[in-house]
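Structural overview
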Amino acid sequence: MAGRFEPRWYRRAVRPEGLVGFRVVHAETDILVHAVRDLSEHAASVVARLRHELESYVAARPLFAESFTPVPAEPAAPAIVRSMAAAALAAGVGPFAAVAGAFADEVGEELLSLSAQVIVENGGDIFVAGDADRLVALWSGDDADGIGLRIKAGSQPCGVATSSATVGPSVSLGRASAATVVAECAALADAVASGVGNRVRSLADVAKALDWGRRIEGVRAVIVVVDGSVGAVGDVELVPLPRTLG
């Protein structure tokens, strides 16, 4: 539900300074967490609860998982369901376009009471919180690799997510090698990244797709990679990174 078992070789390059990393796997959910100490037991219990809540909701309302357009959630629905529905509505996509980001958000927010710095990565969608700048590698599988995004430390968490038509299991209706979004939360970043990626079928579409994504409330930056070219808009700093991960 929250992800597929895919080789996540990129995790070999994830080494945030000063933090302890641990992996949590529950059913199809496979997340990598970094915090000031090992909180794997607590994180595992959060993931198990979230999956139960979402699976129970979907069992009674299968359209929520199947739709490629927004589906409203009841006010009494679990928080993760409401987060996915809100992000999907903002981006004009189906709720499950935000599922990986929503899991990252919910786990990260839960752990913040135990760790002042938290990074949660779920299939490439990331929740980041803390008082240190972080670099996020942009992997598109083409000539634009070797680019990183500098995520500035802030008082509020943020989310980073990427949709790709060429790398990984994402469902994209476009051709972008990477449509990456930085937003106020990972669920919104995840949903908007899908919307941006769907709009890019050639270089001629990039400017309009960037403008569309940046206009959504809560979005801080949008980056698109297609045919080896990079377009970016918003509050984003692109930095060179080694081209070989590992």
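This section reports on the structure supplied with the text.

Thresholds applied
Residues numbered from 1 in each chain as written. Predicted model: local features only at pLDDT ≥ 70, side-chain atom pairs only at ≥ 80, totals over all residues. Heavy atoms only, no water. Helix = DSSP H or I, 4+ residues; strand = E, 2+ residues; numbered from the N terminus. Buried < 20%, exposed > 50% of the residue type's maximum accessible area, 1.4 Å probe, protein only. Contact = heavy atoms within 4.5 Å. Areas by Shrake-Rupley, 256 points an atom, 1.4 Å probe, with all protein chains shown as cover. Pairing = 2+ DSSP bridges. Arc of directions from axis to C-beta. Axes fitted to C-alpha atoms, helices over the stretch in contact; angles between N-to-C directions. Parallel < 35°, antiparallel > 145°, perpendicular 65-115°, else oblique. Left-handed = near helix turned anticlockwise from the far one by under 90°. Nonpolar A, V, L, I, M, F, W, Y, C, P; charged D, E, K, R; others polar. Core = buried A, V, L, I, M, F, W, Y, C linked by side-chain atoms within 4.5 Å.

A separate point is the overall build of the chain. Each helix and strand in the chain was counted, giving six helices and 11 strands. By the burial criterion, 50% of the 246 residues in the chain qualify as buried. Sequence separation of at least 24 residues holds for 55% of the intrachain contacts in the chain that already meet a minimum separation of 6. Approximately 11,200 Å² of the chain is accessible, and the part contributed by carbon and sulfur atoms is 53%.

With that out of the way, let us pick up the pairing of strand β10 (residues 229–234). Of the pairings in the sheet, the one linking strand β9 (residues 219–226) to β10 comprises six bridges and is antiparallel in character. By the bridge assignment for β10, Val222 is matched with Val233. Counted along the chain from β9 to the antiparallel partner β10, the turn is two residues long, and its residue Asp227 has a positive phi close to 55°.

With that settled, the discussion passes to helix α6 (residues 206–214). Taken together, the buried positions of α6 are Val206, Ala209, Leu210 and Gly213. Taken end-on, α6 shows its buried residues confined to a sector of 100°, consistent with a single buried face. For α6, the exposed residues lying more than 90 degrees away from the buried face are Ala207 and Lys208. Buried-residue contacts for α6 involve α5 (186–199), β9 and β10.

The next subject is the sheet that holds strand β4 (residues 125–130). Across a sheet, strands are paired by hydrogen bonds formed along the backbone, either parallel or antiparallel in direction. Taken together, the eight strands give an open sheet; going across it, the order is β1-β2-β3-β4-β7-β8-β9-β10, and neighbouring strands pair in antiparallel fashion. At either end of the open sheet lies a strand with only one pairing partner, and these are β1 (20–26) and β10. When the angles between neighbouring strand axes are averaged without regard to direction, this sheet yields 15°. Bridge count between β4 and strand β7 (residues 154–163): four bridges; the pairing is antiparallel. Residue pairing for β7: Val128 is matched across the bridge by Cys158.

What follows concerns the packing of helix α4 (residues 99–111) against α5. Where α4 contacts α5, the axes come no closer than 7 Å and their chain directions differ by 170°. Between α4 and α5, the crossing angle belongs to the class labelled roughly antiparallel. α4 and α5 meet at a crossing whose hand is right-handed. Along the contact surface, α4 presents Val99, Ala100, Gly101, Ala102, Ala104 and Asp105, while α5 presents Ala186, Ala187 and Asp190. Class assignment of the residues belonging to the contact of α4 with α5 gives a composition of six nonpolar, one polar and two charged.

Residues Leu54, Phe64, Val107 and Val181 are the most contacted members of the largest nonpolar core, which totals 58 residues. Per-element accounting of this core gives the leading share, eight residues, to α5. Residues in contact with Phe64, not counting those within four places in the same chain, are Leu54, Tyr57, Val58, Val71, Val81, Met84, Ala85, Pro95 and Phe96. Counting residues in each nonpolar core, the second largest holds 16 residues, with Leu19, Ile119, Leu149 and Ala221 among its members.

Quick look at the environment of Leu210 now. Mapped onto the elements, Leu210 comes out in helix α6. Discounting chain neighbours no more than four positions away, the residues touching Leu210 are Val222, Ile223, Val224, Gly231, Ala232 and Val233.

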